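# Coordinates in review
Each chain is listed here by its residues.
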Amino acid sequence: MSGDELSAHNRMLATYKTGTPVNVILYSGQFTQKLAGLYKKGYRIYKAEIRFIVKWTDKEDSSEWNIVLPDIYLRKE
């Protein structure tokens, strides 16, 4: 749900709302590279949360997907 807290693990953001980790977001290759550059500069993710959840419908087979758009907060350590 919007506002739920997420935890960063490797190339993913997960929620622990159910008590066990559920992977919600897998970083794209481009974002992984950008994040690696920020890590080299000393930045780390200290907070992430779900901002929006939008529905996406595939035009070919009409399947629907929930797309999670997070807010990711970084700070320099």
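Predicted, not measured: the structure shown is a model, and the values here were computed from it.

## Focus on the pairing of strand β1 (residues 5-9)
The pairing of β1 with strand β4 (residues 43-57) spans two bridges and is antiparallel. Residue pairing in the sheet places Glu5 in a bridge with Glu49 of β4. Bridge count between β1 and strand β2 (residues 12-15): three bridges; the pairing is antiparallel. Residue pairing across strands places His9 opposite Met12, the latter belonging to β2. Counting the residues between successive antiparallel strands, the hairpin from β1 to β2 contains two residues, one of them, Asn10, with a positive phi of roughly 50°.

## As for the pattern of salt bridges
The full count for this structure, using the stated rule, is two salt bridges. Asp4 is the partner of Lys17 in a salt bridge, and the nearest nitrogen-oxygen pair spans 3.5 Å. Of the two residues, Lys17 sits in the loop between β2 and β3 (22-26) while Asp4 sits in the segment before β1, which places them 13 residues apart along the sequence. Here Arg51 makes a salt bridge to Asp71, at a shortest N to O gap of 3.4 Å. Residue Arg51 is found in strand β4, and its partner Asp71 is found in strand β5 (residues 64-76); the two are separated by 20 residues along the sequence.

## What to know about the side chain of Glu49
Along the chain, the position of Glu49 falls in strand β4. No salt bridge is formed by the buried Glu49; the nearest opposite charge belongs to Lys47, separated by 4.0 Å.

## Here's the deal with the packing of aromatic side chains
The full count for this structure, using the stated rule, is two aromatic pairs. Taken together, a centroid distance of 5.0 Å and an interplanar angle of 70° make the contact between Tyr27 and Phe31 edge-to-face. Residue Tyr27 is classed as buried on the basis of its relative accessible area, which comes to 5%. Given a relative accessible area of 29%, Phe31 falls into the partly exposed group. Measuring from ring centre to ring centre gives 6.2 Å for Tyr46 and Tyr73, while their planes differ by 50°; the resulting arrangement is tilted. Here the residue Tyr46 occupies a position in strand β4, and Tyr73 occupies one in strand β5, the gap between them amounting to 27 residues. Residue classification places Tyr46 among the partly exposed positions, given a relative accessible area of 41%. The partly exposed category is assigned to Tyr73, whose relative accessible area is 28%. Just above the ring of Tyr73 sits the side chain of Lys47; from NZ or CZ to the centre is 5.2 Å.

Cut-offs and rules
- Residues numbered from 1 in each chain as written.
- Predicted model: local features only at pLDDT ≥ 70, side-chain atom pairs only at ≥ 80, totals over all residues.
- Heavy atoms only, no water.
- Pairing = 2+ DSSP bridges.
- Helix = DSSP H or I, 4+ residues; strand = E, 2+ residues; numbered from the N terminus.
- Salt bridge = Lys/Arg side-chain N within 4 Å of Asp/Glu carboxyl O.
- Buried < 20%, exposed > 50% of the residue type's maximum accessible area, 1.4 Å probe, protein only.
- Lys, Arg positive; Asp, Glu negative; His and termini not counted.
- Phe/Tyr/Trp six-rings, centres within 6.5 Å; stacked < 30°, edge-to-face > 60°.
- Lys NZ or Arg CZ within 6 Å of the ring centre and 35° of its normal.

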